[in-house]
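# Coordinate inspection notes
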Amino acid sequence: MSAGGAVEPGLPAAAAAPSPAPARDPGPGRLFRPISAEDEEQQPTEIESLCMNCYRNGMTRLLLTKIPFFREIIVSSFSCEHCGWNNTEIQSAGRIQDQGVRYTLTVRAQEDMDREVVKTDSATTRIPELDFEIPAFSQKGALTTVEGLISRAISGLEQDQPTRRENEEAVAERIDEFIAKLKELKQVASPFTLIIDDPSGNSFVENPHAPRKDDALVITHYNRTLQQEEMLGLQAEAPEEKPEEEDIRNEVLQFNTNCPECNAPAQTNMKLVQIPHFKEVIIMATNCENCGHRTNEVKSGGAVEPLGTRITFHITDPSDMTRDLLKSETCSVEIPELEFELGMAVLGGKFTTLEGMLKDIRELVTKNPFTLGDSSSPGQTEKLQEFSQKLDQILEGILKAHFIMDDPAGNSYLQNVYAPEDDPEMKVEHYKRTFDQNEELGLNDMKTEGYETGLPAQR
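Residues numbered from 1 in each chain as written. Predicted model: local features only at pLDDT ≥ 70, side-chain atom pairs only at ≥ 80, totals over all residues. Heavy atoms only, no water.

The name recorded for the chain in an unreviewed UniProt entry is Zinc finger ZPR1-type domain-containing protein, from Rangifer tarandus platyrhynchus.

## A closer look at the overall build of the chain
In plain terms, the rule: Helix and strand assignments follow DSSP, with helices taken as H or I runs no shorter than four residues and strands as E runs no shorter than two, numbered in order from the N terminus. Using a 1.4 Å probe on the protein chains alone, a residue whose accessible area is under 20% of its type maximum counts as buried, one over 50% counts as exposed, and one in between counts as partly exposed. Between two residues, a contact is recorded if the distance between any of their heavy atoms is within 4.5 Å.
Across its full length, the chain holds 10 helices and 26 strands. When the 459 residues of the chain are sorted by exposure, 35% land in the buried category. Counted over contacts in the chain with a minimum sequence separation of 6, partners at least 24 positions apart contribute 64%.

## As for the packing of aromatic side chains
This is how it is decided: Classification of ring pairs uses Phe, Tyr and Trp, with its six-membered ring standing for Trp, and accepts pairs whose centres are within 6.5 Å; under 30 degrees between planes counts as stacked, over 60 as edge-to-face, and the remaining range as tilted.
Counting across every chain of the model gives three aromatic pairs. An angle of 65° between the planes, with centres 5.7 Å apart, marks the rings of F78 and W85 as edge-to-face. Of the two residues examined, F78 and W85, each falls in the buried class. The interplanar angle of 40° and the centroid separation of 5.3 Å between the aromatic rings of F340 and F387 together place this pair among those described as tilted. With a gap of 47 residues between them, F340 in strand β22 (residues 340–342) and F387 in helix α9 (residues 378–395) connect regions that are remote in the sequence. For F340, a relative accessible area of 13% puts it in the buried group. Owing to a relative accessible area of 10%, F387 belongs among the buried residues under this scheme.

## So, a negative patch on the surface
Stated formally: Residues with no salt bridge and a relative accessible area higher than 30% make up the patches, which join like charges within 9 Å and nonpolar side chains (Val, Leu, Ile, Met, Phe, Trp, Tyr) within 5 Å. Here the accessible surface of atoms and residues is derived via Shrake-Rupley with a 1.4 Å probe, and residues count as covered only by protein chains that are part of the display. Put simply, a salt bridge is a Lys or Arg side-chain nitrogen that is within 4 Å of an Asp or Glu carboxyl oxygen. All tallies of charge rest on Lys and Arg as positive and Asp and Glu as negative; His and the ends of each chain are not included. Taken as the charge centre is NZ of Lys, CZ of Arg, CG of Asp or CD of Glu, depending on the residue.
Together, D436, E439, E440 and D445 make up a region of like negative charge exposed at the surface. With respect to the helices and strands, the residue D436 is situated in helix α10 (residues 435–441). The class for D436 is exposed, based on a relative accessible area of 57%.

## Comments concerning the sheet that holds strand β11 (residues 142–145)
Put simply, the rule reads: Paired strands are those between which DSSP finds at least two bridges.
Pairing is antiparallel across the open sheet formed by three strands, whose spatial order is β11-β8-β13. Every interior strand has two partners, whereas the edge strands, β11 and β13 (204–205), have only one. Bridge count between strand β8 (residues 116–119) and β13: two bridges; the pairing is antiparallel. Among the inter-strand pairings, V117 is bridged to a residue of β13, identified as V205.

## Section: the sheet that holds strand β20 (residues 324–327)
Where we set the bar: What counts as an axis is a line fitted to C-alpha atoms, over the stretch in contact for a helix, and the angles between N-to-C directions run from 0 to 180 degrees.
Taking strand neighbours across the sheet as the criterion, the three strands line up as β23-β20-β25 in an open arrangement whose pairing is antiparallel. Each of the sheet's edge strands pairs with one partner strand only, and the pair in question is β23 (350–353) and β25 (413–414). Where β20 and β23 come together, four bridges link them in antiparallel fashion. Looking at β23, one finds that D324 is bridged to T353. Along the sheet face, helix α7 (residues 354–366) touches β20 and β23 and points at about 110° away from the line of β23.

## Remarks on the pattern of salt bridges
Counted according to the given criterion, the structure contains 16 salt bridges. When the shortest N-O distance is used, the salt bridge between R165 and D176 registers 3.1 Å. Separated by 11 residues along the polypeptide, R165 in helix α3 (residues 161–167) and D176 in helix α4 (residues 169–185) bring together distant segments of the chain. Here R165 falls in the partly exposed class, since its relative accessible area comes to 43%. A relative accessible area of 29% means that D176 is categorised as partly exposed. Between R310 and E429 there is a salt bridge whose closest N-O contact spans 4.0 Å.

## Looking at the packing of helix α2 (residues 146–158) against α4
Where we set the bar: For classification, angles of less than 35 degrees are called roughly parallel, those exceeding 145 degrees roughly antiparallel, those between 65 and 115 degrees roughly perpendicular, and all remaining angles oblique. Should the near helix be turned anticlockwise from the far one by less than a right angle, the crossing is termed left-handed; should it be turned clockwise, right-handed.
α4 packs onto α2 with a crossing angle of 165° between their chain directions and a minimal axis gap of 10 Å. Overall, the two elements α2 and α4 adopt an arrangement that is roughly antiparallel. As α2 runs across α4, the sense of the crossing is left-handed. Between α2, through I150, I154, L157 and E158, and α4, the contact on the second element is made entirely by I175, F178, I179, L182, K183 and L185.

## Examining α2
The condition that has to hold: Here the expected span of a helix is defined as 1.5 Å times the quantity of residues minus one.
The end-to-end C-alpha separation of α2 is 19 Å, in line with the 18 Å expected for 13 residues at 1.5 Å each. Buried within α2 we find V146, L149, I150, R152, A153, I154, G156 and L157.

## Considerations on the nonpolar core
Which entries qualify depends on this criterion: Grouping buried Ala, Val, Leu, Ile, Met, Phe, Trp, Tyr and Cys residues that are joined through side-chain atoms within 4.5 Å yields what is termed a nonpolar core.
I127, F132 and L182 are the most contacted members of the largest nonpolar core, which totals 34 residues. Broken down by secondary-structure element, the contributors of at least two residues to this core are β5 (72–79), β7 (100–107), β8, β10 (132–134), α2, α4, β12 (192–198) and β13. For this core, the element with the most residues is α2, which contributes six residues.

## Focus on the environment of G356
Residue placement: G356 occurs in helix α7. Sequence separation between G356 and L395 is 39 residues, and the spatial gap between their C-alpha atoms is 9.7 Å.

## Things to note about the confidence of the model for the chain
Spelled out, the test is: Here pLDDT means the predictor's own confidence in every residue, given as a number from 0 to 100.
Within the chain, residue pLDDT values average 79, and 78% of them lie at 70 or more. At the level of individual helices and strands, the chain shows its lowest average pLDDT in strand β1 (residues 15–18), which scores 38, and its highest in β12, which scores 94.

Structural data, given as structure tokens:
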């Protein structure tokens, strides 16, 4: 079932000169101030406007504000003192974002109903448990709460109920039953899911724990489809068909090879993958049907970056183990709390999770016959067992530690779950490579400019 919402007209069609009451000048750089009830200097701009209900003059108030951990917005409110008609809208003060955004909120308690929500015109609102949807462009943008969204939907459904009861009584009864279910949601008797999907990327659901992670809220950024581009007015006409080489990006390529374990004929699968907020990588996987040996390898799909990258991540919560991780062959890993360092090329290139990487490190250490074999010393064995125990504590979230990835080629990556915002537990540094690092990467002898000059004449 879908609801179009209450009939709420847009901003007044005509506007006269601003009212005599002047708004305070926020000063340069202070046009958009953080929203706060205690900021006495933050005053709306008042404009006398035409009321589209009684066609007399009312008052429109415009407030330019900034929502913390979000962006700038314009809140407009119109009220008519003659007929009592009023209308409130919200518009983004910025451009359409590069990617769409989808907020998935699990409402479990009454506190979740009080979360602030910015819903733009282009956003679609869904409640899967009731198979309920408010389509895009069926309501004006609003700055409200989760409870306010549900109340607005209820008002929209109740609006034409008297007419339906006279003409379509059966339909009116079903809508009454559905309205009762929506009202039950406001009591939060049982958890439900609220999804706000906005291709423009300008909607927002409050995280009361910001800048920390909110377990009840999942934020997903995605690339818009052609239909969504056209809906937002970004695609004037259908684009030309992509060349055939572009279609290869959506396919898994296969080529014949030999198993590195038993040398039997096998097949290697290769796929080009775009990692969000990073770059393209090539994932290669070989599965031998003869001996069951499996191997996978990751290669960077781009060139060596101009600067090296050093990623320092503070592991503080068990949920950090699910972060995606890309380790290139040129990346070294360090865990200071364990006095552990993994050099370049060890474990090769991997695209896994942080948990998978730590388990690979544990397996590399514990299953090494030269460190835990019969010839190993008792002191060394005890240290490695202690190392393994501490690593297990990090995996279980008991021990907090720092995970450092240093890649001179700049082709390694650790997922930022707050992207595109900064991750408070992760620090990414870019640095200029030393001569030795360039030598190790083979860049000192690589001439990419002016190599055509000075060549011997061809005979």
